[in-house]
Amino acid sequence: MNPELQGRVFPPAEPYLVGREKVREFARAVFATHPINHDTEAAQAAGYADVVAPPTFAVVVQEHTLAQLLAEPDAGIDFSRVVHGDQRFTSTRPIVAGDLLTATLTVASVKTLGPHSMVTAETSVTDAAGEHVVTAISTLVVRGEE
Amino acid sequence: MAAVSATPSFDELAVGDVVAEREFALTRDSLVRYAGASGDFNPIHYRDDVAATVGLPGVLAHGMLTMGFAVQPVVDWAGDPGRVADYQVRFTRPVVVDPAFGATVSVTAKVGQLDVEARVARIDLTVTFGGETVLGKAQVRVVLG
């Protein structure tokens, strides 16, 4: 893949409106049964405006920015050779239903290990006020031709 | 539904304490449900023929599904999903989900480190399938204020 991608900042993805039913659907899919994930009254009693998304929900928003990276014409990334190496979410606050989120991807690093490449993509997610919510960091391993 | 529990007391924690343990029984239905919820429709997570074509031992659970449920015992222990400030994993081995029998994944959550000043507990997860760990360096930072 193209080593010159390192440091590239992509244009912000289309803003993502977090729906209450989407939070509940995602919570069910990851076996999240805590009332704060499902019940608005429980969430409000805990001080949140609405139901709170599980810790890995940001992947839904991050996905759109990773699609930008994989589609970049000069990236040279063959999707069928991509393996997810590791993942991290660093939050300032949890995502809550009603949030309007904007995600911006930066290619933090590109490393080459023999025929393979490793790209670390950092997606910074901010809310409607421009405040930081969460940064999702993925390391993708692109397997080279044998 | 999980009970709404009180916030654990930071001062009563010690490194090495097991704070939660749980088993998750995955089926193919779980994978289809996660595909829809997350938008990850890679067919290796629901089609045996595609999985076989790319040389996999079978249909695999999404790594992000395993990451997603492995933190839930910690969320229930912490009493609030908003207390998870940082969560990272390394995907080390796949979870093969049998069409008839599914796959059972076990999670043990242990205190790995205590940041006394910030009152943040680092909880380390051991996540196993068939006796082997499937996530490496799986760490959750929980703010206990």
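Keep in mind that this is a model prediction, so the values were computed, not measured.

(A) The arrangement of the overall build of chain A in detail. Counting secondary structure elements, chain A contains four helices and five strands. Start at the N end of chain A and walk to the C end: the helices and strands fall as β-α-α-α-α-β-β-β-β. Principal axes of the C-alpha set define a box for chain A whose edges measure 55 × 30 × 20 Å. For chain A, the residues scored as buried account for 40% of the 146 residues in total. Restricting to contacts in chain A with at least 6 residues of sequence separation, those with at least 24 account for 70%.

(B) Examining the packing of helix H1 (residues 20–29) of chain A against helix H1 (residues 28–38) of chain B more closely. Following both chains from N to C, one finds H1 of chain A and H1 of chain B inclined at 150°, their axes separated by 9 Å at the closest point. Taken together, H1 of chain A and H1 of chain B sit at an angle that is classed as roughly antiparallel. Note that H1 of chain A runs across H1 of chain B; the crossing there is left-handed. Two secondary-structure elements touch here, H1 of chain A through Glu25, Phe26, Arg28 and Ala29 of chain A and H1 of chain B through Arg33, Tyr34, Ala37 and Ser38 of chain B. In terms of residue class, the contact of H1 of chain A with H1 of chain B is built from four nonpolar, one polar and three charged.

(C) Examining the pairing of strand E2 (residues 82–91) of chain A more closely. Pairing between E2 of chain A and strand E5 (residues 132–142) of chain A: nine bridges, direction antiparallel. Looking at E5 of chain A, one finds that Ser91 of chain A is bridged to Val134 of chain A.

(D) How the structure looks around the interface of chain A and chain B. Counting from both sides, the interface comprises 31 residues of chain A and, opposite them, 30 residues of chain B. Of all the secondary structure elements, the ones that give two or more residues to the side of chain A that touches chain B are H1, helix H2 (35–38), helix H4 (58–71) and E2 of chain A. Broken down by element, the residue count for the side of chain A that touches chain B peaks at eight residues, all from E2 of chain A. Here the residues of the side of chain A that touches chain B sort into 17 nonpolar, nine polar and five charged. In terms of strand pairing, E2 of chain A meets strand E2 (residues 84–91) of chain B through five bridges, oriented antiparallel. Along E2 of chain B, the bridge assignment pairs Asp86 of chain A with Arg90 of chain B.

About the cut-offs
- Residues numbered from 1 in each chain as written.
- Chains lettered and ligands numbered in written order.
- Predicted model: local features only at pLDDT ≥ 70, side-chain atom pairs only at ≥ 80, totals over all residues.
- Helix = DSSP H or I, 4+ residues; strand = E, 2+ residues; numbered from the N terminus.
- Buried ≥ 20, exposed ≤ 12 C-beta atoms within 10 Å, placed from the backbone.
- Contact = placed C-beta atoms within 7 Å.
- Axes fitted to C-alpha atoms, helices over the stretch in contact; angles between N-to-C directions.
- Parallel < 35°, antiparallel > 145°, perpendicular 65-115°, else oblique.
- Left-handed = near helix turned anticlockwise from the far one by under 90°.
- Nonpolar A, V, L, I, M, F, W, Y, C, P; charged D, E, K, R; others polar.
- Pairing = 2+ DSSP bridges.

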